[in-house]
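# Close look at the chain arrangement
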Amino acid sequence: DFGFPQNRKRVFILGINNKHLKIHNELHKIFNDTINSDMNKVNFSLWDAISDLPQINAKTKRNSSDLESNNWGYTFGEFKKHNSEYSNCITANKDIFSPLLNHKAKYNNERDIEIYSLLKPGEGSNSKSIEAINPYLNRGDIFKDKFYKLRPDEPSKTITAHMYYDCHMYIHPFLSRGLTPREAARVQGFPDDYLFLGSPNEWYRQIGNAVSPLLARVIGKALNKVLNRIYEF
């Protein structure tokens, strides 16, 4: 609805004090009008959100969450000023010059990497291309959505905390790995200078459980106008 690079359905409930019931309809209109005015202003795809980030590969060494390299990524990467239309949208300070944060690939075994490589964007667990090596094929009723390669030209599917366990449902559209925490954070709308703490898996949990900062900005603007009217009442 807002043109941000993710399909994410969420419910927000706005309440007011009983003493403001006389202007309830007015407050409701202010809120709705502000929200609606921010719809369809932009139209970002997944690729718009992540295409300018370094291309790294899946980690192939088990139990090595602290291990970092040019191939697998870094917690604190090279200093770089991102200047894509989308990075400018999510970063308030356009002149910021910071290290690339939390851009590290998750570990995958050889079988998963092969599955990732065989799938085409938009394909999932029922694809013929992975039928011979899909370990969940006989349990399709339970794991029908176990694998999914994201489409670059569309918004991403909902970023969730499940990425803490694996990124099979969030396969990079062109690389044989899941999205990194920074790529997931980009999709959610976190600015590039936002550092996630804890283990790499905990980064995914924080990102997946969060409200999109982009949408929070829209809602915050609407709430600000509602509060200004309440203060006048």
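Read on for a plain summary of the structure. (Residues numbered from 1 in each chain as written. Predicted model: local features only at pLDDT ≥ 70, side-chain atom pairs only at ≥ 80, totals over all residues. Heavy atoms only, no water.)

### So, the overall build of the protein
Counting its secondary structure elements, the protein contains seven helices and two strands. In terms of overall dimensions, the protein has C-alpha extents of about 65 × 45 × 30 Å along its principal axes. Within the protein, the proportion of its 233 residues that are buried is 45%. Of the contacts formed within the protein by residues at least 6 apart in sequence, a portion of 68% connects residues at least 24 apart. Entry remark: accessible area of the protein is about 13,100 Å², with carbon and sulfur atoms responsible for 50%. For the protein, the separation between the mean place of its 32 positive charges and that of its 26 negative charges on side chains is 4 Å. (Helix = DSSP H or I, 4+ residues; strand = E, 2+ residues; numbered from the N terminus. Buried < 20%, exposed > 50% of the residue type's maximum accessible area, 1.4 Å probe, protein only. Contact = heavy atoms within 4.5 Å. Areas by Shrake-Rupley, 256 points an atom, 1.4 Å probe, with all protein chains shown as cover. Lys, Arg positive; Asp, Glu negative; His and termini not counted. Charge placed at Lys NZ, Arg CZ, Asp CG, Glu CD.)

### Here's the deal with the pattern of salt bridges
Applying the stated criterion across every chain yields a total of 14 salt bridges. Note that Asp 112 and Arg 111 form a salt bridge whose closest N and O atoms lie 3.1 Å from each other. What makes Asp 112 buried here is its relative accessible area of 5%. Taking the shortest distance from any N to any O, the salt bridge between Asp 166 and Lys 146 comes out at 3.1 Å. Of this pair, Asp 166 sits in the loop between helix H4 (110-118) and helix H5 (181-188) while Lys 146 sits in the loop between H4 and H5, placing them 20 residues apart in sequence. (Salt bridge = Lys/Arg side-chain N within 4 Å of Asp/Glu carboxyl O.)

### Brief notes about the packing of H5 against helix H6 (residues 200-209)
Two elements in contact, H5 and H6, have axes whose closest approach is 10 Å; the angle formed by their N-to-C orientations is 10°. In this view, H5 runs roughly parallel relative to H6, as classed from their interaxial angle. Packed against H5, whose contacting residues are Pro 181, Ala 184, Ala 185 and Gln 188, the element H6 presents Pro 200, Trp 203, Tyr 204, Ile 207 and Gly 208 at the interface. When its residues are assigned to classes, the contact of H5 with H6 shows seven nonpolar, two polar and no charged. (Axes fitted to C-alpha atoms, helices over the stretch in contact; angles between N-to-C directions. Parallel < 35°, antiparallel > 145°, perpendicular 65-115°, else oblique. Nonpolar A, V, L, I, M, F, W, Y, C, P; charged D, E, K, R; others polar.)

### Focus: unusual backbone geometry
At Asn 63, a position not held by glycine, the phi torsion is positive, near 50°. Its place among the elements puts Asn 63 in the loop between helix H2 (46-50) and strand E1 (73-80). One non-glycine residue, Asn 102, adopts positive backbone phi at about 60°.

### Things to note about the nonpolar core
Ile 35, Ile 50, Ile 159, Met 163, Tyr 170 and Leu 179 are the most contacted members of the largest nonpolar core, which totals 37 residues. Broken down by secondary-structure element, the contributors of at least two residues to this core are helix H1 (24-37), H2, helix H3 (85-90), H5, H6 and helix H7 (213-232). When residues in this core are grouped by element, the largest group, seven residues, is from H7. With residues near it in sequence (within four places) discarded, Met 163 still touches Lys 106, Tyr 170, Leu 179, Ala 184 and Tyr 204. By size, the runner-up hydrophobic cluster in this structure holds seven residues, among which are Leu 119, Ile 130, Phe 147 and Ile 171. (Core = buried A, V, L, I, M, F, W, Y, C linked by side-chain atoms within 4.5 Å.)

### A word on the packing of aromatic side chains
Under the counting rule described, the total for this entry stands at eight aromatic pairs. The interplanar angle of 50° and the centroid separation of 5.1 Å between the aromatic rings of Phe 190 and Tyr 194 together place this pair among those described as tilted. Accessibility expressed as a relative area gives 40% for Tyr 194, which makes it partly exposed. Phe 190 sits in the buried class, given a relative accessible area of 7%. (Phe/Tyr/Trp six-rings, centres within 6.5 Å; stacked < 30°, edge-to-face > 60°.)

### Some thoughts on the packing of H1 against H7
Where H1 contacts H7, the axes come no closer than 9 Å and their chain directions differ by 150°. As far as their axial angle goes, H7 and H1 are roughly antiparallel. The two elements H1 and H7 cross, and the hand of that crossing is right-handed. Every residue of H7 that contacts H1 at Glu 26, Leu 27, Ile 30, Phe 31, Thr 34 and Ile 35 is listed here: Val 218, Ile 219, Lys 221, Ala 222, Leu 223, Lys 225, Val 226, Arg 229 and Ile 230. (Left-handed = near helix turned anticlockwise from the far one by under 90°.)

### Description of the environment of Met 169
As for its position among the elements, Met 169 is in the loop between H4 and H5. Judged by relative accessible area, which is 18%, Met 169 ranks as buried. Taking the C-alpha atoms as reference points, Met 169 and Thr 91, 78 residues apart in sequence, are found 27 Å from one another. Those residues in contact with Met 169, other than ones at most four positions away along the chain, are Asp 145, Lys 146, Tyr 148, Leu 150, Lys 157 and His 162.

Coordinates in, geometry out; function isn't part of it.
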